[in-house]
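Working through the structure, step by step
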Amino acid sequence: MQATAYTYDPETRSGQVLLDDGTPVPFDAPAFDAGGLRLLRPGQRVRIETEPAQGEGAGLRITLVTLQTL
């Protein structure tokens, strides 16, 4: 799945991406670390992998964030 980087905090290595429909989805440090990135800038196009989040109405949980490549 593709998304756009929205926020990123280098101290916690967490942030949010925006799905193509504009929905913000947070990611945590393990998802960022799984992608092997060192930095993420708002506006960068990224590829994400997700799984259903636990809990009522939880939506998606991002398990990997990496740069979108052609």
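The notes below deal with the structure included here. (Residues numbered from 1 in each chain as written. Predicted model: local features only at pLDDT ≥ 70, side-chain atom pairs only at ≥ 80, totals over all residues. Heavy atoms only, no water.)

1. Details of the environment of G15
- Structurally, G15 can be placed in strand 2 (residues 14-19).
- Leaving out residues up to four positions away in the same chain, G15 has contacts with T7, Y8, V25, P26 and F27. (Helix = DSSP H or I, 4+ residues; strand = E, 2+ residues; numbered from the N terminus. Contact = heavy atoms within 4.5 Å.)

2. Quick look at the sheet that holds strand 3 (residues 24-27)
- Strand order across the open sheet formed by 5 strands is 3-2-1-4-5, with antiparallel pairing between neighbours. Each of the sheet's edge strands pairs with one partner strand only, and the pair in question is strand 3 and strand 5 (60-67). When strand polarity is set aside, the average angle formed by the axes of neighbouring strands in this sheet is 45°.
- Here 4 bridges tie strand 2 to strand 3, and the two strands are oriented antiparallel to one another. Looking at strand 3, one finds that Q16 is bridged to P26. (Pairing = 2+ DSSP bridges. Axes fitted to C-alpha atoms, helices over the stretch in contact; angles between N-to-C directions.)

3. As for unusual backbone geometry
- The backbone phi angle of R13 is positive, close to 55°, even though this residue is not glycine.
- For R13, a relative accessible area of 32% corresponds to the partly exposed category. (Buried < 20%, exposed > 50% of the residue type's maximum accessible area, 1.4 Å probe, protein only.)

4. Quick notes on the nonpolar core
- Among the nonpolar cores identified, the biggest contains 15 residues, and V17, F27, L40, V46, I48, I62 and V65 are the most heavily contacted of them.
- In terms of residues, this core owes the most to one element, strand 1 (residues 2-9), which gives 3 residues.
- In contact with I48, other than residues within four places in its own chain, are M1, A3, V17, L19, I62, L64 and V65. (Core = buried A, V, L, I, M, F, W, Y, C linked by side-chain atoms within 4.5 Å.)

5. Observations concerning the packing of aromatic side chains
- Per the counting criterion, the structure on display carries 2 aromatic pairs.
- Here F27 and F32 contribute two aromatic rings whose centre-to-centre distance is 6.4 Å and whose plane-to-plane angle is 20°, an arrangement assigned as stacked. We note that F27, like F32, is buried.
- Here a set of aromatic residues connected by ring pairs shows up, and it is made of Y8, F27 and F32. (Phe/Tyr/Trp six-rings, centres within 6.5 Å; stacked < 30°, edge-to-face > 60°.)

Shape descriptors only; they carry no functional weight alone.
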